Amino acid sequence: MKENLNLKELERKAYRATFQDGFLDITLGLFLIGSAIAGLFQDNKPVRLIITVIIILVPLAIFLLGKKKITVPRIGMVKFGAERKARKKKVAAIILMAVIISSLLALMAMTHSMPIFLAELLKGFGSAVGFGLLAFTMFIFGGYYNDIPRLYLYGLLFGASLFLSECYYNKVGIEVHSSVWFGASGLIMLSIGISLLIRFIRLYPVPSEERTVEGE
Amino acid sequence: MKENKDGEKIRSLSEIDRVIHEPARLLIMAYLFVVESADFLFLERQTGLTRGNLSSHLSKLEDAGYVEIKKEFVDKIPRTLLSLTVSGREAFKAYRDNMKHVLDELPG
């Protein structure tokens, strides 16, 4: 018992404990890999639609089932207090703002009503800047307010995938399918997630007996 | 005047809640203070206390009226949910203030 009784740090440690199972990383990784596969079927709308549904449902199902069947039986359940809930609301507000800004950028680009200085600034980058910015902001703020630093790396990977898929050819002149960027980023996230999950399962075996206060 | 100050220091020390002051119980109280509720297993993993140790400390905290212990079935699996009572929260805050006061008064 070497705990330093810093209450904020204690709460952060408890919160982080619920993310050490790797399921968030696996979900994000699968989502990106799925996007990469969907990108290979750009000309086949029905197949693309089916894959899009799958890439949303499968990672989500893995996340929810994994938490329920693997995480909770190993480390138990916890409900966080008002301060953590307020942090979550802050993240939601920032993400909403990022969505609005990115949507405005996209709308201005589509209706050719972008201010000249902005159009000059974004020239040649297409929608990548808008969506890359959105993804980057979401991950950075999500990582900061949720105390999960590895989300910064994922923000960079996600944003870079969008950016490179739009701009690599324009800037470098070598054509690389956008699926390569998304697939590579997804594989990195998935690998981190799987290694975290393996470590988690080894570290926290399922207790053989019911955990309760004796005599209750 | 000096006697008054000394008397205040001694009173602060004697007001320290002995139920909370025990290190393992202090850790349990601190964890339950920063969350809304947690189950037995979560607390066991986080505090690093053994099952028996955690159980006996929780019983003492329950007897003092600081911790509420509820048994629930989640997906047909029994879970022991733990949370601080209102008086438990107040006692923890008072303990923290008392300790700050006592430690601030120490020379050096």
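Provided above is the structure to which this section pertains.
These figures come from a predicted structure and were not determined experimentally. (Residues numbered from 1 in each chain as written. Chains lettered and ligands numbered in written order. Predicted model: local features only at pLDDT ≥ 70, side-chain atom pairs only at ≥ 80, totals over all residues. Heavy atoms only, no water.)

A. Spotlight on the overall build of chain B. Summing up its helical and strand segments, chain B has six helices and three strands in all. Moving toward the C terminus, one meets the helices and strands of chain B in the order α-α-α-β-α-α-β-β-α. In chain B, buried positions account for 44% of the 108 residues. Expressed as a percentage of contacts within chain B between residues at least 6 apart in sequence, the contacts between residues at least 24 apart total 58%. Here chain B has roughly 6100 Å² of accessible surface; of this, 54% comes from carbon and sulfur atoms. (Helix = DSSP H or I, 4+ residues; strand = E, 2+ residues; numbered from the N terminus. Buried < 20%, exposed > 50% of the residue type's maximum accessible area, 1.4 Å probe, protein only. Contact = heavy atoms within 4.5 Å. Areas by Shrake-Rupley, 256 points an atom, 1.4 Å probe, with all protein chains shown as cover.)

B. Highlighting the overall build of chain A. Within chain A, the secondary structure is distributed over eight helices and one strand. Secondary structure elements of chain A, listed N to C terminal, follow the sequence α-α-α-β-α-α-α-α-α. Counting across all 216 residues of chain A, residues that qualify as buried make up 39%. Sequence-distant contacts in chain A: of pairs separated by 6 or more residues, those separated by 24 or more amount to 77%. With an accessible surface of roughly 12800 Å², chain A has 69% of that area assigned to carbon and sulfur atoms.

C. Here's a closer look at the side chain of B:Ser37. Mapped onto the elements, B:Ser37 comes out in strand E1 (residues 35–39). Contact partners of B:Ser37, with chain neighbours within four places excluded, come to A:Val78, A:Lys79, B:Leu82 and B:Ser83.

D. View of helix H2 (residues 23–39) of chain A. Taking 1.5 Å of rise per residue, the 17 residues of H2(A) would be expected to cover 24 Å, and the 24 Å separating its terminal C-alpha atoms lies within 8% of that figure. For H2(A), the buried fraction is high: 13 of the 17 residues fall into the buried class. (Expected span 1.5 Å × (residues − 1).)

E. Highlighting the interface of chain A and chain B. Facing 32 residues of chain A, the contacting portion of chain B comprises 38 residues. In this assembly, chain A packs against chain B so that about 3100 Å² is buried in total across both faces, 58% of it on carbon and sulfur atoms. For the pair chain A and chain B, the number of links is one salt bridge. A salt bridge links B:Glu36 to A:Lys85, with the nearest nitrogen and oxygen atoms 2.8 Å apart. Summed over the shared surface of chain A and chain B, the number is nine residue pairs in polar contact (both at pLDDT 80 or more). At the level of secondary structure, the elements contributing two or more residues to the side of chain A that touches chain B comprise helix H1 (7–17), helix H3 (45–75) and strand E1 (78–80) of chain A. Of the residues forming the side of chain A that touches chain B, the biggest block, six residues, is contributed by H1(A). A breakdown of the residues in the side of chain A that touches chain B according to their chemical character gives 16 nonpolar, four polar and twelve charged. Sheet analysis places E1(A) next to E1(B), joined by three bridges and oriented antiparallel. Paired with A:Phe80 across the strands is B:Val35, a residue of E1(B). (Buried area = accessible area lost by both parts, 1.4 Å probe. Salt bridge = Lys/Arg side-chain N within 4 Å of Asp/Glu carboxyl O. Polar contact = N/O pair within 3.5 Å; in protein donor to acceptor, adjacent residues only side chain to side chain. Nonpolar A, V, L, I, M, F, W, Y, C, P; charged D, E, K, R; others polar. Pairing = 2+ DSSP bridges.)

F. Structural detail: the nonpolar core. B:Leu58 and B:Val67 are the most contacted members of the largest nonpolar core, which has 53 residues in total. Element by element, the count of residues in this core is highest for helix H3 (residues 23–34) of chain B, at ten residues. Here B:Val67 is in contact with B:Met29, B:Leu32, B:Leu58, B:Leu61, B:Glu62, B:Ser83, B:Leu84 and B:Thr85, once residues within four sequence places are set aside. Within the second largest apolar cluster, five residues are counted, among which are A:Phe23, A:Ile26, A:Leu190 and A:Leu197. (Core = buried A, V, L, I, M, F, W, Y, C linked by side-chain atoms within 4.5 Å.)

G. Structural detail: helix H4 (residues 40–47) of chain B. All names here are of chain B. With seven of eight residues buried, H4 lies mostly within the body of the structure. For H4, the set of buried residues is Phe40, Leu41, Phe42, Leu43, Glu44, Gln46 and Thr47. Positive phi appears at glycine 48, one or two residues downstream of H4, with a value of about 75°.

H. The arrangement of the packing of H3(A) against helix H8 (residues 178–203) of chain A in detail. Residues and elements named next belong to chain A. At their nearest, the axes of H3 and H8 sit 10 Å apart, and the two run at 40° to each other. In terms of their interaxial angle, H3 and H8 are classed as oblique. For H3 against H8, the interelement crossing comes out left-handed. Where H3 approaches H8, its residues Ile70, Thr71, Arg74 and Ile75 are matched on the opposing element by Leu197, Phe200 and Ile201. For the contact of H3 with H8, the residue count by class is five nonpolar, one polar and one charged. (Axes fitted to C-alpha atoms, helices over the stretch in contact; angles between N-to-C directions. Parallel < 35°, antiparallel > 145°, perpendicular 65-115°, else oblique. Left-handed = near helix turned anticlockwise from the far one by under 90°.)

I. How the structure looks around the sheet that holds E1(B). The four strands are arranged E1(A)-E1(B)-E3(B)-E2(B) in an open sheet whose pairing can be described as antiparallel. Of all the strands in the sheet, just E1 of chain A together with strand E2 (67–74) of chain B have a single pairing partner and so form its edges. For this sheet the average axis-to-axis angle between neighbouring strands, irrespective of direction, equals 20°. In this structure, E1(B) lies alongside strand E3 (residues 77–84) of chain B, joined through two bridges in antiparallel fashion. Across the sheet, B:Ala38 pairs through a bridge with B:Leu82, a residue of E3(B).

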